[in-house]
Protein chains: 2
Amino acid sequence: MRKTRTPPTDEGVAAARLAHCKAALVRENRRVTSYDVALVAGVSQSAVSRCFKPGASVSPSMHARVMAAATGLDYIPNAAARSLITRRSNMVAVVLCHVSSLYHPEALAELSRQLARRGKRVLLFTVQHEADVEQVLGDIWEYQVDGAIIAAPLSNEQVQEFERRRLPLVVFNRNVRDRTVSSVLCDQYETGRLLATRLAGAGHRQFGIVAGPEGSALASERRAGACDRLQELGLPAPVVVPGQFDYASGGSGLREIIGTLGRVPDAVLCGNDVMALGCLDTARHALRIDVPRAMSVVAFDAVEPASWLSCDVTTLRQPMHNMALAAADLLTSMIESQGSHLPEKRVFAPQLVEGSTARLAPIRDTWLAA
Amino acid sequence: MRKTRTPPTDEGVAAARLAHCKAALVRENRRVTSYDVALVAGVSQSAVSRCFKPGASVSPSMHARVMAAATGLDYIPNAAARSLITRRSNMVAVVLCHVSSLYHPEALAELSRQLARRGKRVLLFTVQHEADVEQVLGDIWEYQVDGAIIAAPLSNEQVQEFERRRLPLVVFNRNVRDRTVSSVLCDQYETGRLLATRLAGAGHRQFGIVAGPEGSALASERRAGACDRLQELGLPAPVVVPGQFDYASGGSGLREIIGTLGRVPDAVLCGNDVMALGCLDTARHALRIDVPRAMSVVAFDAVEPASWLSCDVTTLRQPMHNMALAAADLLTSMIESQGSHLPEKRVFAPQLVEGSTARLAPIRDTWLAA
DNA sequence: TTGTACGCGTTATCAT
DNA sequence: ATGATAACGCGTACAA
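About the criteria used
Residues numbered from 1 in each chain as written. Chains lettered and ligands numbered in written order. Predicted model: local features only at pLDDT ≥ 70, side-chain atom pairs only at ≥ 80, totals over all residues. Heavy atoms only, no water. Pairing = 2+ DSSP bridges. Helix = DSSP H or I, 4+ residues; strand = E, 2+ residues; numbered from the N terminus. Axes fitted to C-alpha atoms, helices over the stretch in contact; angles between N-to-C directions. Contact = heavy atoms within 4.5 Å. Buried area = accessible area lost by both parts, 1.4 Å probe. Salt bridge = Lys/Arg side-chain N within 4 Å of Asp/Glu carboxyl O. Polar contact = N/O pair within 3.5 Å; in protein donor to acceptor, adjacent residues only side chain to side chain. Least-squares fit on C-alpha atoms with pLDDT ≥ 70 in both. Phe/Tyr/Trp six-rings, centres within 6.5 Å; stacked < 30°, edge-to-face > 60°. Buried < 20%, exposed > 50% of the residue type's maximum accessible area, 1.4 Å probe, protein only.

(A) Inspection of the sheet that holds strand S2 (residues 121–127) of chain A at higher detail. Taken in spatial order, the 12 strands line up as S11(A)-S5(A)-S4(A)-S3(A)-S1(A)-S2(A)-S2(B)-S1(B)-S3(B)-S4(B)-S5(B)-S11(B) in an open sheet, and their pairing is mixed. Lying at the two open borders of the sheet, with one neighbouring strand each, are strand S11 (345–348) of chain A together with strand S11 (345–348) of chain B. With strand direction ignored, the average angle separating the axes of adjacent strands in the sheet is 20 degrees. Note that strand S1 (residues 91–97) of chain B and strand S2 (residues 121–127) of chain B share seven bridges and pair parallel. Following the sheet pairing, cysteine 97 of chain B is matched in S2 of chain B by valine 127 of chain B.

See below:
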């Protein structure tokens with residue numbers, strides 16, 4: 001232990017500078033900047049910038065000094081300032097309507113996850129109705145996002161504005177007419193066909209359909225698919241009754257079908273799971289129909305929650321995980337390629353969830369096997 | 001109609017400048033800036049800035065000229081550049097874990113809506129498990145958000161880091177121990193007490209509880225509330241059996257309770273709706289118990305989807321809409337007040353959904369009436 | 001490898 | 001009411 005005053009070490013100098021700098025920051029009420037870090041580390045500001053850029057050419061000693069100073073100051077690079085110069089915000093706009101976020105909560109979570117692993121964050125825009133997209137477009141331009149994933153129908157003009165601004169766009173689970181635009185979707189028409197095929201293959205001949213209310217484009221595509229396929233197979237036309245997408249509609253729909261038909265149908269297709277549950281309960285407990293032996297009940301489209309609230313309904317589900325992954329991939333490559341990426345549609349087949357409420361023929365459709 | 005060459009009008013000049021500017025933008029591959037607008041409108045750049053600032057002092061003619069030029073150029077102010085100088089990004093970080101986004105999808109949608117009407121957008125961060133929050137904190141600092149709403153438990157150090165960075169924080173639906181931090185939550189203990197009170201008041205004496213798996217802090221608080229209240233009322237201790245939060249657990253749990261008790265209990269409390277549905281189906285269809293006359297079945301906590309997949313279970317629901325509104329309000333005022341806002345807890349009472357699976361005493365609890 | 005100097009697009013301050 | 005000028009915090013040519 002020497003008693004003499006030790007000469008100022010590098011650490012000592014840095015520590016003094018750090019304290020001085022911290023005091024100044026508080027006094028002037030400023031944020032910590034790369035310039036402050038440079039001051040404390042005794043290097044230039046651009047050196048600090050390089051140290052935070054992965055793959056930059058920096059000597060180990062420089063890196064160590066800068067990182068020490070940065071840690072001491074709690075320095076984090078400012079993403080806003082960076083995006084100003086790089087023209088990349090690393091943010092992606094995701095537009096959802098209120099309802100679809102309720103019915104398909106896993107879609108957003110999965111989009112967020114997939115985008116995060118590609119270094120992008122989700123800037124969320126929600127609208128009450130799908131038609132309200134126009135209201136958020138202005139905000140989207142303003143926030144300088146690198147691209148957008150939109151789960152709502154877009155008008156021709158709206159798509160055009162994305163092109164004009166050269167903003168990568170992926171439309172999620174909606175059809176866009178008369179325009180070539182990148183999109184990810186699930187083939188609803190095929191969903192209907194598939195179900196009809198599998199049920200017909202198992203010997204069902206007379207079908208009943210509890211449809212949803214008019215206005216749902218996706219739902220009516222599914223119904224058309226089923227009806228077309230039944231006709232192709234030479235089976236009798238199904239009895240179609242309307243429903244309100246609620247539990248009660250399922251039971252009353254079934255009774256109505258039986259009334260019209262004069263007998264119990266071989267199979268009932270319900271527009272969603274809620275109606276399928278209602279139909280199922282009425283059939284089993286009120287009408288004492290042996291499901292699935294005397295009658296099959298299937299839902300056209302399952303929301304994810306149906307699997308945990310499950311009563312084991314046979315149903316078709318949109319492969320949201322794959323769709324989210326595809327959307328993230330598609331958008332990312334559009335962003336990376338700076339617009340040279342041509343519009344691309346990725347269409348997914350629905351996923352059959354074989355519950356215990358229907359008899360199905362074994363798999364023959366090659367698409368399903370894929 | 002004069003045949004002579006007309007002198008250049010203001011509109012003519014502006015149109016020419018617009019065309020010239022547009023060409024330059026494409027040639028130099030630049031973005032449209034306020035400077036371009038100024039050039040076309042023939043005014044200064046700061047004038048353009050003022051025209052886009054609500055409540056600034058600008059003459060009508062100036063406003064008109066600038067807006068015309070801006071529209072012609074598709075100009076939108078750049079939020080990143082603005083936030084650099086104003087130190088306001090108008091973005092709020094929302095951190096969710098994957099699971100809660102599935103069970104309470106309406107929470108995020110409502111948060112987004114409420115924040116939007118206050119001029120803030122949601123920058124979404126999702127984590128697989130609640131313990132992974134640490135991973136996204138770095139990103140939160142980087143993106144210069146104005147505040148954060150976090151639906152995950154935070155450690156003492158993590159809360160401290162928010163304070164150090166003076167970043168407004170609201171913890172959503174989680175308890176934070178040993179720290180005064182603003183939070184919005186639903187009183188789980190009271191949820192349990194309330195249910196016990198209302199059922200006891202209707203004459204139920206012997207209770208059974210199908211609990212969830214260990215590890216859910218919220219669920220065990222609810223159970224404790226129910227048990228404490230039953231003891232206070234001098235009723236026999238409930239039979240508690242474990243469950244896995246799935247449909248099957250409800251039925252097997254009920255059978256186990258009956259086995260232990262040697263008779264059918266007066267009321268069964270299930271840890272969530274899925275188990276309540278399972279319990280209900282087993283009771284009604286397999287054991288032929290008259291619900292609710294011979295036995296009441298209630299769920300402790302309902303997720304929103306239970307209402308559409310509803311089998312009309314009597315249950316308690318967390319008032320997510322109110323909670324989201326409160327969180328948005330709380331965070332906004334913390335942001336506006338620049339940190340002078342003291343930490344504040346907002347605790348909500350659970351909301352009783354009176355289905356048809358239980359007999360309940362009339363309302364006496366003053367809190368419920370509120 | 002490191003430092004200098006400039007620009008990204010805006011708002012804010014201060015004259016006029 | 002309007003215009004000149006200085007920040008905001010960073011990335012990146014370019015020179016050394």
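Okay, back to it.
(B) Region of the structure containing the interface of chain B and chain A. Contacts between chain B and chain A engage 56 residues on the former and 57 residues on the latter. For the pairing of chain B and chain A, the buried interface totals around 5,200 Å² over both sides, and the portion due to carbon and sulfur atoms is 59%. Our count for the chain B to chain A interface comes out at six salt bridges. With its nearest N and O atoms 3.3 Å apart, the salt bridge here joins arginine 82 of chain A to glutamate 142 of chain B. Between chain B and chain A we count 18 residue pairs in polar contact (both at pLDDT 80 or more) in total. Listing elements by their share of the side of chain B that touches chain A, those giving two or more residues are helix H5 (79–86), helix H6 (98–103), helix H7 (105–116), S2, helix H8 (133–142), helix H13 (273–286) and helix H14 (305–308) of chain B.

(C) Inspection of the relation of the copies chain B and chain A at higher detail. When chain B is brought onto chain A, the operation consists of a screw motion whose angular component is 180 degrees and whose axial shift is 0.1 Å, with 0.1 Å RMSD remaining. Such a combination of rotation and displacement between the chain copies is what one expects of a two-fold axis.

(D) Broad picture of the packing of aromatic side chains. Residue and element names in this part refer to chain A. On inspection of all chains with the given rule, the structure shows four aromatic pairs over all chains. Ring geometry for phenylalanine 52 against tyrosine 75: centres 5.2 Å apart, planes inclined by 75 degrees, an arrangement best described as edge-to-face. Of this pair, phenylalanine 52 sits in the loop between helix H3 (45–51) and helix H4 (60–73) while tyrosine 75 is found in the loop between H4 and helix H5 (79–86), placing the two residues 23 residues apart along the sequence. Taking relative accessible area as the criterion, phenylalanine 52 reaches 28% and is therefore assigned partly exposed.

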